[in-house]
Amino acid sequence: MNYLVDFLDNSLKFKEISKNIDEKRKIYLSGVSNAAVKHLLYSFYVKKDIGIFAVFPSEKRAYEIYKKLLNFKVPVFLLSEREINFHNVELIETDKNLNRMTSVIKLASKQKAVILTSGTATCYPLENCDSFNKKTLQFKTGEEVNPTEAVEKLINIGYRRVSRVEARCEFALRGGILDIFPIDSNPVRIEFFGEEIDSMREFDIQTQRSLKKVEDIRIFQAYEFIPSEKDFADVSKKIDDKLKYYDEHFFYELDKERQREKYRYFKESLNLNEISKNADLILPLMKKGKTSSIFDYIPDDYLIYLEDLNRIFDENQSKLKEFKAEKEELFKKGEIFEEHINFF
């Protein structure tokens, strides 16, 4: 694809755009064909040596460009829309959730990549970006690490302890060997000599055989949002206040009995400081400043590309209206509070 990059790079129009990017100016482009968008993004990534966050009117359109850029051999990721879970059940992990979480990690860790998404997918609240980064674990060959403390830290960021690692976000400790399957990279085997990391190697998940050697790894949390003990306590109090408010006021058609039953059960999991299976129930009840937008995660040196801002806005408004109508019915059934209706 270098001939296309060179062709664009010699174009006066592209040089003008490139100059405006260097000066961090807003750029309005018109007449760009659907087929040309992938070449334009690829050229920006290669020639400007910057990450790109591209927002499209729909997920279908973002996925279309994503599939084409995969052939260009650039680190491209899809920040997908996801299902919102307001029920006391754990949703099955999907490739969409994995792609979304991987995209968040690339942005949070300031890695250069091409992130494609829809306007709607940018509206989900996330954990505060600083809090997200502080929970990242790092292991280096030669450093002192207590294996027992490492296990506790992995559990605190949402990883599951198993006897044999087979899936992402799992780990296993056998004697002086700690196997970890990170959410965004290949599984890694850490061998300890006492409390010193003697060696680290990637390994094959099927054969369990060690592969290439690595010197350091970073382990990011398993979910977009993991509450702290204080978060649990704050949300638990908020639930008490909300239930008291609804009991003392008249709400036509509200199933208060179901509401009390559901949130009594939910509070039990909070009081046990469990990582919630449905953090979406917690997010709208968090104190101000505890959540972030995906735009708070985007590094300063990234290029933000918006395809047809009016269509992005119209599509978001349409989905928001549909979402609120559905959730108002859930509110009447006692499944959610009013704050959940304004999730986005």
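Refer to the structure printed above.
Here the structure is a predicted model, which means the values were calculated and not measured.

Visitor: Help me understand the pattern of salt bridges, please; the structure alone is not making it clear to me.
Guide: A side chain with one charge may pair with a side chain of the opposite charge, provided their charged atoms come close. This model, assessed by the stated rule, comprises 24 salt bridges. As a salt-bridge pair, D241 and K237 come within 3.1 Å of each other at their nearest N and O atoms. Remark: K237 and D241 occur in helix α8 (residues 229-248); sequence separation between them is 4 residues, near one turn of the helix. Between D240 and K267 there is a salt bridge, and its shortest N-O distance comes to 2.7 Å. Of this pair, D240 sits in helix α8 while K267 sits in helix α9 (residues 256-271), and the two are 27 residues apart along the sequence. Ionic contacts of the salt-bridge type, sharing partners, join the residues R61, E64, K68 and E307 into one network.

Visitor: I keep staring at the sheet that holds strand β7 (residues 170-174) and nothing clicks. Help me out?
Guide: Neighbouring strands of a sheet are bound in pairs by backbone hydrogen bonds; such pairs are parallel or else antiparallel. On the basis of which strands lie adjacent, the open sheet formed by 6 strands has the order β6-β7-β8-β9-β10-β11 and mixed pairing. Strands with a single pairing partner mark the edges of an open sheet, and in this sheet they are β6 (160-161) and β11 (210-213). Sitting on the sheet, helix α7 (residues 147-156) touches β6, β7, β8 (177-181) and β9 (188-193), and the angle it makes with β7 is about 165°.

Visitor: Could you clarify how one ought to interpret a nonpolar patch on the surface in this entry?
Guide: Taken together, the side chains of F295, I304, L306 and L309 define a hydrophobic patch exposed on the protein surface, amounting to about 360 Å² of accessible area. Its place among the elements puts I304 in strand β14 (residues 303-306).

Visitor: Looking at this structure, how should I read the nonpolar core?
Guide: Across soluble globular proteins, nonpolar side chains have a tendency to be buried as a group. In terms of nonpolar packing, the biggest core is built from 42 residues, with F53, F139, Y159, I180, I190, I219 and Y297 touching the most fellow members. Counting residues in hydrophobic clusters, the runner-up holds 27 residues, among them F232, V235, L281 and F337.

Visitor: Please explain the packing of aromatic side chains as it appears in this structure.
Guide: How two aromatic rings sit relative to each other is given by the distance of their centres and the angle of their planes. A full pass over the atoms with the stated rule returns 14 aromatic pairs. Considering the side-chain rings of Y42 and F72, the 4.9 Å spacing of their centres and the 90° angle between planes classify their relative orientation as edge-to-face. A residue pair is termed long-range when its members are at least 10 positions apart, and Y42 in helix α3 (residues 34-48) and F72 in the loop between α4 (59-70) and β2 (76-79) qualify at 30 residues. Of the two residues examined, Y42 and F72, each falls in the buried class. Taking 4.4 Å as the distance between ring centres and 15° as the angle between the ring planes, the aromatic pair formed by Y263 and F337 counts as stacked. Of this pair, Y263 sits in helix α9 while F337 sits in the loop between α11 (309-332) and α12 (338-341), and the two are 74 residues apart along the sequence. F337 gets classed as buried once you look at its relative accessible area, which sits at 0%.

Conventions and cut-offs
- Residues numbered from 1 in each chain as written.
- Predicted model: local features only at pLDDT ≥ 70, side-chain atom pairs only at ≥ 80, totals over all residues.
- Heavy atoms only, no water.
- Salt bridge = Lys/Arg side-chain N within 4 Å of Asp/Glu carboxyl O.
- Helix = DSSP H or I, 4+ residues; strand = E, 2+ residues; numbered from the N terminus.
- Pairing = 2+ DSSP bridges.
- Contact = heavy atoms within 4.5 Å.
- Axes fitted to C-alpha atoms, helices over the stretch in contact; angles between N-to-C directions.
- Patch = residues over 30% accessible without salt bridge, like charges linked within 9 Å, V, L, I, M, F, W, Y side chains within 5 Å.
- Areas by Shrake-Rupley, 256 points an atom, 1.4 Å probe, with all protein chains shown as cover.
- Core = buried A, V, L, I, M, F, W, Y, C linked by side-chain atoms within 4.5 Å.
- Buried < 20%, exposed > 50% of the residue type's maximum accessible area, 1.4 Å probe, protein only.
- Phe/Tyr/Trp six-rings, centres within 6.5 Å; stacked < 30°, edge-to-face > 60°.

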